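Each chain, letter by letter, is given below.
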Amino acid sequence: MSVEQSREWSGASKLLHWLLFAFVIAAFVAVNIAETYERGDPEKLWWMRTHLSVGISAMLLMIAWLIVLAKQGRPQRSGDPWQIMLARITHWGMAILVIAMPIAGISATLLSGYDVVLYGFITIPPFIAENEELAKQVLEVHKHVAAPAFATLILLHIAGTLWHALIDKDDTLKRILP
């Protein structure tokens, strides 16, 4: 039976879902800790590099999840048509932002003339012309548009899960649990 005919997510999809959860939380924690340090503090730089590293990892995990989804399909959706439409918008919005936000972070870092340092051992030197004004604009969108939109989508995702568990009393949450 294909995943589309089943009510269960595949093991790969479940694994990628929960790894994405962990990396998104780690990125959120890292950037919020970084914000407690002054500009120029080596601790701030370390936390921002951690934020970028886990963000890029989340992006790669999302790409892997999209490949798995394309190959295996997804289980049957449950809920009313409005719930299914909202779930589609929420899931695709999160997928787009998990890919776009690290690209924005990489771009802003390189445009600022800094190396992209991944987990302290992979270094990508700037290969585009430094443009501090454009870097600021990219970070502005990343921080003040994409991040709040992503947080809203995550809250909608959680609310939808709780709705299914507490109101509809269906197996939506159970299907994604490890």
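The rules behind each value
Residues numbered from 1 in each chain as written. Predicted model: local features only at pLDDT ≥ 70, side-chain atom pairs only at ≥ 80, totals over all residues. Heavy atoms only, no water. Helix = DSSP H or I, 4+ residues; strand = E, 2+ residues; numbered from the N terminus. Buried < 20%, exposed > 50% of the residue type's maximum accessible area, 1.4 Å probe, protein only. Contact = heavy atoms within 4.5 Å. Areas by Shrake-Rupley, 256 points an atom, 1.4 Å probe, with all protein chains shown as cover. Lys, Arg positive; Asp, Glu negative; His and termini not counted. Charge placed at Lys NZ, Arg CZ, Asp CG, Glu CD. 1 Å grid on protein atoms, 1.4 Å probe; cavity = no way out; pocket = protein on both sides within 12 Å on 5 of 7 lines; lining within 4 Å. Points joined across faces, edges and corners; volume = space filled by probe spheres on them. Nonpolar A, V, L, I, M, F, W, Y, C, P; charged D, E, K, R; others polar. Core = buried A, V, L, I, M, F, W, Y, C linked by side-chain atoms within 4.5 Å. pLDDT = per-residue confidence, 0-100. Expected span 1.5 Å × (residues − 1). Salt bridge = Lys/Arg side-chain N within 4 Å of Asp/Glu carboxyl O.

Draft legend 1. The overall build of the protein, seen in detail. Helix and strand counts for the protein come out as 5 helices and 2 strands. Secondary structure elements of the protein occur, N-terminal to C-terminal, as α-α-α-β-β-α-α. Counting only C-alpha atoms, the protein reaches 50 × 30 × 25 Å along its principal axes. Burial statistics for the protein: of 178 residues in total, 35% are counted as buried. When contacts within the protein are restricted to residue pairs at least 6 apart in sequence, long-range pairs at least 24 apart make up 71% of them. For the protein, the computed accessible surface area is about 10,900 Å², with 70% contributed by carbon and sulfur atoms. A gap of 9 Å separates the mean positions of the 14 positive and 15 negative side-chain charges of the protein.

Draft legend 2. Looking closely at unusual backbone geometry. Unlike most non-glycine residues, Y119 shows phi in positive territory, near 50 degrees. Its location among the elements puts Y119 in the loop between β1 (116–118) and β2 (122–124). In this structure, K169 takes a positive phi of about 55 degrees despite not being glycine. Summarising the element assignment, K169 is placed in the loop between α4 (132–168) and α5 (172–176).

Draft legend 3. View of the layout of surface pockets. Within this model, the largest pocket holds a volume of roughly 1,600 Å³. Of all the elements in the fold, those that place two or more residues in the lining of the largest pocket are α1 (11–34), α2 (42–72), α3 (81–111) and α4. With 13 residues, the single largest contributor to the lining of the largest pocket is α4. Its residues placed into classes, the lining of the largest pocket shows 25 nonpolar, 9 polar and 10 charged. Size it by volume and the second largest pocket reaches roughly 1,000 Å³. Forming the walls of the second largest pocket are 36 residues, and the residues nearest its centre are H17, H91, M94, H157 and T161. Broken down by secondary-structure element, the contributors of at least two residues to the lining of the second largest pocket are α1, α2, α3, α4 and α5. Among the elements that line the lining of the second largest pocket, the one with the most residues is α4, at 10 residues. Its residues placed into classes, the lining of the second largest pocket shows 22 nonpolar, 11 polar and 3 charged.

Draft legend 4. The arrangement of the nonpolar core in detail. Judged by nonpolar contacts, the single largest core of 19 residues is most densely connected at L20, M62, W65, L97, V98 and F150. The element contributing the most residues to this core is α2, with 6 residues. For L20, the contacting residues outside a window of four places in its chain are A58, L61, M62, W65 and V98.

Draft legend 5. Fine view of the confidence of the model for the protein. Confidence along the protein averages 92 in pLDDT terms, with 97% of residues attaining 70 or more. When mean pLDDT is taken per element in the protein, α2 scores highest with 96 and α5 scores lowest with 79.

Draft legend 6. Here's a closer look at α2. In this model, α2 (31 residues) spans 44 Å end to end at C-alpha, consistent with the 45 Å of a helix rising 1.5 Å per residue. Positioned one or two residues after α2, G73 has a phi angle of 80 degrees, which is positive.

Draft legend 7. A look at α3. With 31 residues, α3 should cover 45 Å at 1.5 Å per step; its first-to-last C-alpha distance of 44 Å lies within 8% of that length. Once α3 ends, the next one or two residues include G113, with phi positive near 85 degrees.

Draft legend 8. Local environment of the pattern of salt bridges. All chains considered together, the criterion is met by 2 salt bridges. A salt bridge links E35 to K143; the nearest nitrogen and oxygen atoms lie 3.8 Å apart. Residue E35 is located in the loop between α1 and α2, and its partner K143 is located in helix α4; the two are separated by 108 residues in the primary sequence. By relative accessible area, which is 42% here, E35 ends up partly exposed. We classify K143 as partly exposed; its relative accessible area is 44%.

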